[in-house]
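Chain residues, written in single-letter form:
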Amino acid sequence: YVQKAEKNRIHKIIVKAPRGIIADRKGNELVANVASFDLVLIPTLLPADDSSKEKVLNECFSAFEITLPEDFSSDSSQPYLLKENITREEAIETEILKENCPGFIVEKTAIREYKYPFLFSHILGYTGKISKEDLNKNSDYLMTDNIGKTGVEKHWEKNLRGNPGSIYVEVNSSGKILRSLEENIPRSGDRLVLGIDKDLQETLYKSMEQVLADKKSEDETVKGAAVAIDPNSGLVRALISLPSYDNNLFSRKIDSADYQDLINNSAKPLLNRSVSGTYAPGSTIKPLLGLAALEEGVVNSNTSFDCHGVLHIGSWSFKDWKTHGPGINLKKAIAESCNIFFYIVGGGFDNFGGLGPERIGEYERKFGLGSLTGIDLEAERAGFIPTPGWKEEEKGENWYIGDTYHISIGQGDITATPLQIANYITVIANGGVLYRPYLVDQIVDGESGELVEKLKPEIIDSNFIEESHLRLVREAMRETVVSGTAQTLNELAVAVAGKTGTAQIGGTDNTHSWFVGFAPAENPQLVLAVIVEEGGESSDAAVPVAKEAFSNYFSGENGESQN
C-alpha cells in the first residue's frame with residue numbers, strides 16, 4: 001500500500017527536446033523552431049476516484065469547449081492532444097482555467113518554421129503530429145509528439161528528434177500538482193549540414209520559374225525538375241521540383257481546404273519530380289549508348305555512318321530531327337544529336353550488327369538506371385528499362401527492330417528520374433565511379449556543436465568502363481557546347497560539356513526539354529540535369545536554365561573550381 005500510494009503521489013511528465021536544425025553547406029539555416037503551446041490531457045493526473053474524475057472531465061471539457069477523444073481511456077499512460085498550436089493568449093487563459101482541471105496541461109512545444117517555403121520543400125519535407133500508424137512503429141513516442149512526415153525530416157528523424165527530458169511532480173489525491181521534485185534536461189537533436197548550396201538552389205528555382213513562365217500562358221502551371229551533384233562524391237548540391245508547395249502549411253496543421261487544393265491539383269505540387277518523376281530520357285541517353293557500343297566493340301572512334309535524315313526498314317521509316325550528312329562518327333553524333341547513328345548502333349542496319357536490347361539494358365543498369373539510387377529521401381522511384389520478355393508478357397506483343405531503335409534514342413517505354421540521369425552523367429565526368437547520391441554531409445551535436453560524423457561517399461561501382469572510352473565521350477560532350485546543340489553555353493567563362501535532349505510525350509507532338517552536363521570540362525566539379533516538362537526545344541528551355549546555374553556556381557566562392 002505504501003508503494004502504491006507513492007506511485008500515485010509521484011508522476012513523470014515528459015519534456016520535449018528541441019528538434020535539430022538543418023543547414024546548407026555554407027551554414028545558412030533552413031529551418032527554425034518556433035515556440036508553440038498544446039493543450040494536453042494526462043489521464044494519470046486525474047483524480048483517483050471515479051466520481052471526481054467524471055466531474056473533472058465533464059466540467060473541464062465544457063470549459064475548454066472541446067469534446068472527449070473517441071479513443072480516450074482514463075487508464076492510459078499516454079497523454080492526449082486536445083488542442084494543437086494554441087496562441088500565447090489562449091495558453092494564458094487555459095492556465096487560469098486548468099487550476100480546477102487536474103490532468104490538463106499546457107505543454108510547451110515547438111513547431112517547425114521553414115525559412116524558405118517552396119524553395120526547399122521537396123528536400124526538407126515537413127513535420128506533423130504523430131499518427132497512430134507512426135506510433136505503432138515508434139513505441140518510445142507519445143501521442144502528442146511531432147515526427148518527420150516527408151523529406152529529410154522523415155529520413156533523418158532519429159537524429160533530428162533529440163532526447164526528451166522529464167519532470168517528476170508531486171500531486172495530491174485530487175490530481176493537483178503540488179511541486180516539482182526532479183528535472184532531467186532534454187537534449188537537442190543533431191544539426192544536419194546538407195551538401196545543398198542555397199545560392200545554386202535559388203538560382204535554379206528562379207531561372208526555371210522564369211524560363212517556364214516565358215513559355216507558358218498565365219493559366220498554365222510551370223513544371224520541371226533539376227538536380228546538381230558533385231561528381232567526385234555524389235553529394236547533392238541542388239534538387240528542384242516545380243511546382244512546389246509551402247511546407248509551413250503542414251507544420252502548422254494544414255486545414256482541409258488547403259490540403260484538398262494540393263492533392264487535387266493536376267500539376268501535383270506534392271510530387272518530388274527530381275526523385276519520383278519518371279520521364280523518357282530522350283537524347284540524354286546517347287552518351288551511355290556510345291559507351292556501351294565502345295565497350296562491346298560495336299564501334300570505335302573512327303566508325304561512321306551517313307545520315308540522310310531518315311532510315312528505311314521495309315515499309316517503316318525512322319526519322320532524324322535533321323539531315324546530318326555523310327561521315328557521322330560517335331563524337332559528331334553526340335555533339336549534333338544524330339538519331340540515325342544511334343538507331344544503327346543500337347539496333348543494327350543491313351549487315352551492321354548493333355548492340356540489341358539486352359546489351360543496351362545491361363549497360364543502362366550498370367549506370368544505375370532501372371533501380372533506386374538510394375538517396376536519403378523517401379518515395380524515390382526506380383524508372384523502367386523495357387525488355388523483349390517484358391513486352392511479350394505484359395503487352396502480348398513481339399519485340400520489333402523499331403522498339404530497339406526507340407530505346408536507342410531514349411524513347412519508347414524506357415523511363416528514368418532526373419536524379420538517375422544526373423547520377424549516370426557523374427560516371428562520365430569523374431572517370432568511371434558510380435556513387436550513391438546523398439544529401440546530408442555532416443552530423444553535428446546539437447548541444448556542443450562538435451562534429452559527430454562526416455558522411456563518406458559510398459561507391460556503388462567503379463572501373464566498369466575503360467578510361468579511353470570515357471575520355472572520348474567527354475570530348476564529344478564538350479563538342480556539344482563548342483559546335484553542337486548547346487552552343488549558347490560556350491558564352492560562359494567556365495568550360496561546359498553537355499548533352500541536350502528532346503523527349504516526345506506519348507503519341508503527341510509535345511516534348512520535354514532536357515539538358516545534362518558538367519563543368520569545368522577538364523576538371524568536373526558539378527554535374528547538372530534539367531528537365532522542363534513540355535518545354536519544347538532544349539535550346540529554348542533547359543539550356544538557358546543550365547546556363548544560369550553554371551554561371552552562378554562558378555562565380556564568387558566557387559570560382560576557383562574552374563582551374
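In the block above lies the structure referred to throughout.
Presented here is a report on the structure given in the accompanying data block. (Residues numbered from 1 in each chain as written. Predicted model: local features only at pLDDT ≥ 70, side-chain atom pairs only at ≥ 80, totals over all residues. Heavy atoms only, no water.)

1. Looking at the sheet that holds strand 4 (residues 80-86)
Taking strand neighbours across the sheet as the criterion, the 3 strands line up as 4-3-5 in an open arrangement whose pairing is antiparallel. Lying at the two open borders of the sheet, with one neighbouring strand each, are strand 4 and strand 5 (104-114). Between one strand axis and the next, the sheet turns through 35 degrees on average, direction left out of account. As defined by bridge partners, strand 3 (residues 31-41) adjoins strand 5 across 11 bridges and the pair is classed as antiparallel. Of the residues in strand 5, the one forming a bridge with L39 is V106. Contacting strand 3, strand 4 and strand 5, helix 2 (residues 50-63) runs over the sheet at an angle of about 45 degrees to strand 5. Seen against the sheet, helix 3 (residues 88-97) touches strand 3, strand 4 and strand 5 and runs at an angle of roughly 135 degrees to strand 4. (Pairing = 2+ DSSP bridges. Helix = DSSP H or I, 4+ residues; strand = E, 2+ residues; numbered from the N terminus. Axes fitted to C-alpha atoms, helices over the stretch in contact; angles between N-to-C directions. Contact = heavy atoms within 4.5 Å.)

2. Describing the sheet that holds strand 22 (residues 511-519)
Judged by pairing direction, the sheet is antiparallel, and its 5 strands sit side by side in the order 12-11-23-22-21 without closing on themselves. Unpaired on one side and paired on the other, strand 12 (236-242) and strand 21 (497-504) mark the two borders of the sheet. Geometrically, the sheet is characterised by an average inter-axis angle of 5 degrees between neighbouring strands, direction not taken into account. With 6 bridges joining them, strand 11 (residues 224-229) and strand 12 adopt antiparallel strand pairing. Bridge pairing in strand 12 links A226 to I240. Packing of helix 20 (residues 542-553) onto the sheet brings it into contact with strand 12, strand 21, strand 22 and strand 23 (526-532), and relative to strand 22 it is tilted by some 25 degrees.

3. A short note on the pattern of salt bridges
The final tally for this structure, using the stated rule, is 32 salt bridges. In this structure, R161 and D140 form a salt bridge, with 3.1 Å as the shortest nitrogen-oxygen distance. Pair noted here: R161 is in helix 7 (residues 157-161) and D140 is in the loop between helix 5 (132-137) and strand 7 (146-148), with a separation of 21 residues, a long-range link. Of the charged contacts in the structure, one is a salt bridge between D413 and K395, with a shortest N-O distance of 3.2 Å. Residue D413 is found in the loop between helix 17 (401-408) and helix 18 (418-430), and its partner K395 is found in helix 16 (residues 388-395); the two are separated by 18 residues along the sequence. (Salt bridge = Lys/Arg side-chain N within 4 Å of Asp/Glu carboxyl O.)

4. Some thoughts on the packing of helix 12 (residues 286-295) against helix 15 (residues 356-366)
At their nearest, the axes of helix 12 and helix 15 sit 10 Å apart, and the two run at 115 degrees to each other. The orientation of helix 12 with respect to helix 15, classified from their angle, is roughly perpendicular. By crossing handedness, the relation of helix 12 to helix 15 is classed as right-handed. Within the contact between the two elements, helix 12 uses L288, L289, A292 and E295 and helix 15 uses I360, Y363 and E364. Residue composition of the contact of helix 12 with helix 15, grouped by class: 5 nonpolar, no polar and 2 charged. (Parallel < 35°, antiparallel > 145°, perpendicular 65-115°, else oblique. Left-handed = near helix turned anticlockwise from the far one by under 90°. Nonpolar A, V, L, I, M, F, W, Y, C, P; charged D, E, K, R; others polar.)

5. Overview of the packing of aromatic side chains
A ring pair, where both rings are aromatic, is described by two values, the distance of the centres and the angle of the planes. All chains considered together, the criterion is met by 20 aromatic pairs. Through pairs of rings, three or more aromatic residues link up here, namely Y126, Y245, F250 and Y259. Lying over the aromatic face of Y141, R161 brings its terminal NZ or CZ to 3.7 Å of the ring centre. Sitting above the plane of the Y363 ring, K366 keeps its charged end 4.4 Å from the centroid. (Phe/Tyr/Trp six-rings, centres within 6.5 Å; stacked < 30°, edge-to-face > 60°. Lys NZ or Arg CZ within 6 Å of the ring centre and 35° of its normal.)

Nothing here speaks to function; it is geometry throughout.
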